[in-house]
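Single-letter residue listing:
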Amino acid sequence: MNILMALSQLEVTGAEVYAVNLANELIKRGNNVYIVSDTLTKETEAEYFKIEFNKRKLSQRIKHIKELLRIIKEKDIHVVHAHSRASSWSSMIACKIAGIPLVTTTHGKQPVHLSRKLVKGFGDYSLAVCENVYEQMAEELHFKKEKIEVLRNPVNCEEYSFSEVEKEKGKTVVSIIGRLSGPKGDVTYNLLKELIKNDGYNIRVIGGKDIPERFKQFKEKVNFMGYINNVSEEISKSHVVIGAGRVAVEGILSGTPVIAVGESEYIGVVSENTISEGLKSNFGDIGNIDSKDIVDVSTVNKDIELCLAKSREELLRLRNIVRENFSFEKIVDRIEKIYSKQYVLKKKYEMPVIMYHRVIEDRDEEKGVHGTYITVEKFEEHMKYLKDKGYQTVTFEDLKNGNYRHRFDKGNKWIVLTFDDGYKDNYTHAFPILKKYGFKSVIYLLGTLKYNKWDVDNPENPEKKFPLMDDNEILEMQEYGIEFGGHSMTHSKMSRIDKNIAHEEIVESRDILEKKLGKKMNCFAYPYGDRDEGVKEFVKEEGYEFAVATDSGDISFQEDLYNIRRIGIFPTNGLRSFKRKTSGKYNFIKIKREQRASGGK
C-alpha cells in the first residue's frame, strides 16, 4: 500500500519515533511510505515533505490541505495516518476530498472544548496508545467505540536483550530520561530536588537540548547528558531508570528496574502488581482524570531502594508482559490490517476471489445432483468479460511474500480464479478457455482420490461419479502457470472430525501433492469451507501462507490470510450476476444479507 504519515512537531517527540519506526518497518514489508511534518530529525527510508502544520492560520491551513492533496494524487496514497491534532485536522479535509481513509494515532489526552466535540478529527479509525486515552475519546469526546482500538506504541523488543551488563560499582546510577521543558520538565525538576538529598546516587538526566536556568543549581550533583543516540545502552548501565512511556518500556525490556512517572501521575516502582496501572496510563504520561495538581514524587528515594531489591526472575516476568503488549511485529501486523480494512470500507472494493467447481458441457448426464458446476458456454462468457474489462488473473503464488499489498496499486485490476476438487473437466473444458484468454487459476486437489468419492458415498444425497484429473494433466497445467493447492485427503468437514485426524489429513495430503508437483504449495482450501481456529492453526503450522473458505471471512482479504472469503459461481449465475460478483463490491452486499438473515443489523 501507499501510506502517508502526518506529524506536526518543532522538535523530536515520541510521536516522531513511533511514526518513523513504523514507516521503516512498513517499507521493509513492501509498502511505500511518505512522511509530512514541520521537521523530521530521525533517520528514515521514507520520503519526507515539509509541511508546517504548526502554522495554524486559516490561509496556512488551506495551503496545507492543497499540498496534502498534491502528494496524495502524485503518490497514489491509499491511506493517511496522522499522529497529531494539527496534522489530523488538515489531513481529515484532504482525505475527504480525495476519498481515502484517515487513520489517527491518539498519543495523549485531548483538550475538551466545543470545537473538538463538533469536529473530532480522529478520522475513520483511531488508535489509542493506552486505555486512559481510549476512555477519554469515548466518554468525554463521544467518538464511537467501534472506531477506537487500544494499540500501544510498538517497540522492537528483540533489540533489547535482558541486561547482563556489570553495573558501576559504588554509587547507584539513577537515570532520569525525559524533556526539561513543559510539564515533564516540572516533574524532572521535582525529582532532582528529592534525589540530591541522597549522596549515594550518581544522577544522570538524559534529554533536553538546553539546560533551563532553574536546573543549573543541580549541575554540581547531576550529569546533564542532553540528547544522545545510545539511550538503550545507558539504560542498561543504570541501576534504576525513571521515566514514562517508551522510556519505561525500554527499561523493563533491558532488565533495569523502573520507576514510572510522567506528567500526569506517579506510578512508582513497576512491579507485577502495578504494571496494569502503568499500561493504562502509558506509565504515568496519561492520567484518567484531568488534574492541575503537581505530580507527587516524594517517595522516589524509598522506591529506589525497592527497585534495588528486585529479583532477576521478577524482572524477566515483567519483560515478558511488556513483550506481549508492545511487540513490534504484532502491532505493525495489526496496523497493516487496519489500513487495508479502512481502504476497503472507504472504496467499497476488494480484490474478488472467485470459486468454481466443475465446467461441463450442457448435458443432463454431466450436471449431477449438487449443482456445483457451470457450463462451458457460460465459463467462456465469463472469461471474455474479464478480458474485455482489463482484469488480471493472479494466483496465490503471485500474492505470497506480502505481494497482496499491491492489489490496490494503480493499474492493478486483480482477480483470483479458484476451482475446488480438481475435476477432470477443469483440464478438458476450463483449461483451453483459460489459455485462450491468457488467464491463470488456482485448483485445489485431494491427496489420492480418483473421483468425487465424498459425494458419491453420501447416503443422504448421493452424487454421480465424476473423475478427477490425473498426474499428467496436473503437471501440464502447472507447466502453463496454473497453481495447485491442498484440499485434504478425504474432503471431510475438518472441524467435525477428530483433531488428530484433521491434522493428519492436512499433513498427508500436503506431502503427497508436493511430491507430485515437485514444489511447495502456498494455499489450502477447507472442504465445504468448514474450519475452526484449531484447523486454521494446523494449516499455518504446516507451511501454507494462505487458506480459503467459502461464505466466511472478513470483507478485507488481508484481515485473516487463513480465512479468505470466496464468491461462489453456480449454474444460475448469468453474465449480469457474474459482473456483480466480480465487481469488487459484491461481498458488501452479501455480508449485509447474511447479517440480516442472522438477525443482525
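Note that the structure is predicted; figures quoted are calculated from it, not measured.

Spatial strand order, S10-S9-S8-S11-S12-S13: six strands in an open sheet with mixed pairing. Each having just a single partner strand, strand S10 (222-226) and strand S13 (266-269) make up the two edges of the open sheet. Within the sheet, the average angular offset between the axes of one strand and its neighbour, ignoring direction, is 15°. Judged from the three bridges that link them, strand S12 (residues 258-261) and S13 form a sheet pairing that is antiparallel. The partner of Ala-260 across the bridge, within S13, is Gly-268. Strands strand S8 (172-177), strand S11 (240-243) and S12 of the sheet are contacted by helix H8 (residues 246-253), whose axis makes an angle of about 160° with S11.

Scanning the model with the defined rule gives four cavities of 30 Å³ or more in all. Roughly 140 Å³ of internal volume is contained in the largest cavity. Forming the boundary of the largest cavity are 17 residues, of which Glu-350, Met-351, Ile-555, Arg-565 and Asn-587 lie nearest the centre. With three residues, helix H22 (residues 586-597) is the largest single contributor of residues to the lining of the largest cavity. Each residue belonging to the lining of the largest cavity can be placed in one class, and the counts come to nine nonpolar, three polar and five charged. Reported here for the second largest cavity is a volume of approximately 100 Å³.

Another aspect to go through is the layout of surface pockets. In this structure, the second largest pocket spans a volume of roughly 730 Å³. Lining the second largest pocket are 22 residues, and of these Asp-333, Lys-337, Lys-540, Leu-561 and Tyr-562 lie nearest its centre. Of all elements in the fold, only helix H12 (328-347) and helix H20 (533-541) reach the threshold of two or more residues within the lining of the second largest pocket. Along the lines of polarity and charge, the residues of the lining of the second largest pocket split into five nonpolar, three polar and 14 charged.

Before going further, it helps to examine the environment of His-382. By the element assignment, His-382 lies in helix H14 (residues 376-388). Here His-382 falls in the buried class, since its relative accessible area comes to 0%. Each C-alpha atom, one on His-382 and one on Phe-578, is 7.0 Å from the other, the two residues being 196 residues apart in sequence.

The rules we used
- Residues numbered from 1 in each chain as written.
- Predicted model: local features only at pLDDT ≥ 70, side-chain atom pairs only at ≥ 80, totals over all residues.
- Heavy atoms only, no water.
- Pairing = 2+ DSSP bridges.
- Helix = DSSP H or I, 4+ residues; strand = E, 2+ residues; numbered from the N terminus.
- Axes fitted to C-alpha atoms, helices over the stretch in contact; angles between N-to-C directions.
- Contact = heavy atoms within 4.5 Å.
- 1 Å grid on protein atoms, 1.4 Å probe; cavity = no way out; pocket = protein on both sides within 12 Å on 5 of 7 lines; lining within 4 Å.
- Points joined across faces, edges and corners; volume = space filled by probe spheres on them.
- Nonpolar A, V, L, I, M, F, W, Y, C, P; charged D, E, K, R; others polar.
- Buried < 20%, exposed > 50% of the residue type's maximum accessible area, 1.4 Å probe, protein only.

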